[in-house]
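# Tertiary structure, described
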Amino acid sequence: MMTYYILIGGIALISWMVSNRLKSKFKKYSKVHLRNGMSGAEIAQKMLDDHGIRDVKVISTPGMLTDHYNPKNKTVNLSEGVYNQRNASAAAVAAHECGHAVQHAQAYEWLTMRSKLVPVVSVTSGMSTWVVFGGIMLMAATGAVGGIGFYIAVAGLIMMGFATLFSFITLPVEYDASKRALVWLKQKNMVTQQEYAGAEDALKWAARTYLVAALGALASLLYWAVQVFGGRD
């Protein structure tokens, strides 16, 4: 178990470092005010209009970095610091979330795949580690390597596998949304060169948070797989 705690601690540290870096980037580029004077909400609405999307609403949501696109009710949810602000960070986030709305409208395959996994992951992700651990404990208690404890542990690994798969499918979804956002911002001359550089850098660091999460999920899955199939400490 010590190896597991070291692994989780290392992943948590890297995640914290990337998250802090992201927050500092957004704070930095929030000081780069847009020449066009448009707010995040206005940026979002224009991107939707330019892509012919009329059935998606842009709304404000409380919190910091809580921005997201909800495909169920077709809303682009922008945090208060993005919805009303008129800076490079707000433009980047607003355009990125609208990138997801464009993906949805165009039936982007990776987004469709991720959406199908959401119901499964929402149920299994919270219990997978406990199921694996319980199975391993039962294996140790009964001394039966191939008994019921083994199959319980394998079931937990399958649950964990779905969460890991979800994390990796999220990567192309997020990178593509950022790409769509940056292309639109540039092609429509929505930002200056300096504003564009800030938006690009901010989105780059946002994408890295998803990369760290995916690698962390994979590392955890591999660790528990080793514990179940052999090589236990």
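Residues numbered from 1 in each chain as written. Predicted model: local features only at pLDDT ≥ 70, side-chain atom pairs only at ≥ 80, totals over all residues. Heavy atoms only, no water.

The protein chain goes by Zinc metallopeptidase in an unreviewed UniProt entry, where it is assigned to [Muricauda] lutisoli.

## Let's talk about the packing of aromatic side chains
Just so we agree on the cut-off: Geometry of aromatic contacts follows a simple scheme: Phe, Tyr and Trp rings, the Trp one being its six-membered ring, pair when their centres are within 6.5 Å, and the pair is stacked under 30 degrees between planes, edge-to-face over 60, tilted otherwise. Accessibility here uses a 1.4 Å probe with only protein chains present; expressed as a share of the type maximum, an area under 20% marks a residue as buried, one over 50% as exposed, and anything in between as partly exposed. Only Lys NZ and Arg CZ are tested; either one counts as a charge over a ring when it is within 6 Å of the ring centre and within 35 degrees of the ring normal.
Per the stated rule, a full pass over the model turns up four aromatic pairs. Their ring planes at 75 degrees and their centres at 5.4 Å tell us that F150 and Y151 sit as a pair that is edge-to-face. Residue classification places F150 among the buried positions, given a relative accessible area of 18%. Connected via pairs of aromatic rings, a cluster forms that spans F133, Y223 and W224. For R180, the ring lying beneath its charged end belongs to Y108, and the centroid distance is 5.4 Å.

## Quick notes on the nonpolar core
Test applied: Among the buried residues, those of types Ala, Val, Leu, Ile, Met, Phe, Trp, Tyr and Cys that are joined through side-chain atoms within 4.5 Å form a nonpolar core. Starting at the N terminus, helices and strands are each numbered in turn, a helix being any DSSP run of H or I of at least four residues and a strand any DSSP run of E of at least two. Residues are treated as being in contact if the distance between any of their heavy atoms lies within 4.5 Å.
With 42 residues, the main nonpolar core has I43, L48 and V76 as its most contacted residues. Taken together, the elements giving at least two residues each to this core come down to α1 (2–29), α2 (40–50), β3 (75–79), α4 (88–105), α7 (148–187) and α8 (193–229). Residues contacting L48, with those up to four places away along its chain left out, are I53, V56, V58, V76, C98 and A101. Residues Y4, I136, A153 and W224 belong to the second largest nonpolar core, which totals 13 residues.

## Here we look at the packing of helix α6 (residues 128–142) against α7
Let me state the cut-off plainly: For helices, the fitted line uses only the C-alpha atoms of the stretch in contact; every axis is such a line through C-alpha atoms, and the angle between N-to-C directions lies from 0 to 180 degrees. Our angle categories are set so that under 35 degrees counts as roughly parallel, over 145 as roughly antiparallel, 65 to 115 as roughly perpendicular, and the remainder as oblique. Rotating anticlockwise by less than a right angle from the far helix to the near helix defines a left-handed crossing, while the corresponding clockwise rotation defines a right-handed one. Three classes are used, and their members are as follows: Ala, Val, Leu, Ile, Met, Phe, Trp, Tyr, Cys and Pro are nonpolar, Asp, Glu, Lys and Arg are charged, and the others, Gly among them, are polar.
Viewed as axis vectors pointing N to C, α6 and α7 meet at an angle of 160 degrees, and their least axial separation amounts to 7 Å. Compared by their axis directions, α6 and α7 come out roughly antiparallel. α6 and α7 meet at a crossing whose hand is left-handed. Judged by residue contacts, S128, T129, V131, V132, G135, I136, L138 and M139 of α6 engage I148, G149, F150, I152, A153, G156, L157, M159 and M160 from α7. Of the residues assigned to the contact of α6 with α7, the class counts are 12 nonpolar, five polar and no charged.

## Some remarks on unusual backbone geometry
One non-glycine residue, L65, adopts positive backbone phi at about 55 degrees. Mapping L65 onto the fold places it in the loop between β1 (57–61) and β2 (68–70). Its identity as a non-glycine residue notwithstanding, A107 has a phi of 55 degrees, on the positive side. Counting through the fold element by element, A107 comes out in the loop between α4 and α5 (109–124).

## Points about the packing of α5 against α7
Two numbers describe how α5 lies on α7: the axes approach to 9 Å, and their chain directions differ by 150 degrees. The pairing of α5 with α7 is recorded here as roughly antiparallel in orientation. When you trace α5 past α7, the crossing you get is left-handed. Facing α5, whose interface residues are W110, L111, M113, R114, L117, V118, V120, V121 and T124, α7 presents M159, F162, A163, L165, F166, I169, T170, P172, V173 and E174. Residue composition of the contact of α5 with α7, grouped by class: 15 nonpolar, two polar and two charged.

## Considering the layout of surface pockets
What counts is decided by this rule: Site definitions follow a grid-based scheme: protein atoms alone, a 1 Å grid, a 1.4 Å probe that fits but cannot get out for cavities, and for pockets an open set with protein on both sides within 12 Å along at least five of seven lines, plus lining residues having an atom within 4 Å of a point. Grid points are joined across faces, edges and corners, and a volume is the space filled by probe spheres set on the points.
Reported here for the largest pocket is a volume of approximately 680 Å³. Lining the largest pocket are 27 residues, and of these D67, H68, E97, E174 and Y210 lie nearest its centre. Counting only elements with at least two residues in the lining of the largest pocket, the list comes to α1, β2, α4, α5, α7 and α8. It is α8 that provides the largest number of residues to the lining of the largest pocket, a total of five residues. The residue makeup of the lining of the largest pocket, split by class, is 12 nonpolar, nine polar and six charged. Roughly 210 Å³ of internal volume is contained in the second largest pocket. Surrounding the second largest pocket, 15 residues form its lining, F26, S30, M64, G81 and V82 being those nearest its centre. Of all the secondary-structure elements, those providing two or more residues to the lining of the second largest pocket are α1, α3 (80–83) and α4. The biggest single contributor to the lining of the second largest pocket is α1, with three residues. Among the residues forming the lining of the second largest pocket, the class breakdown is five nonpolar, seven polar and three charged.

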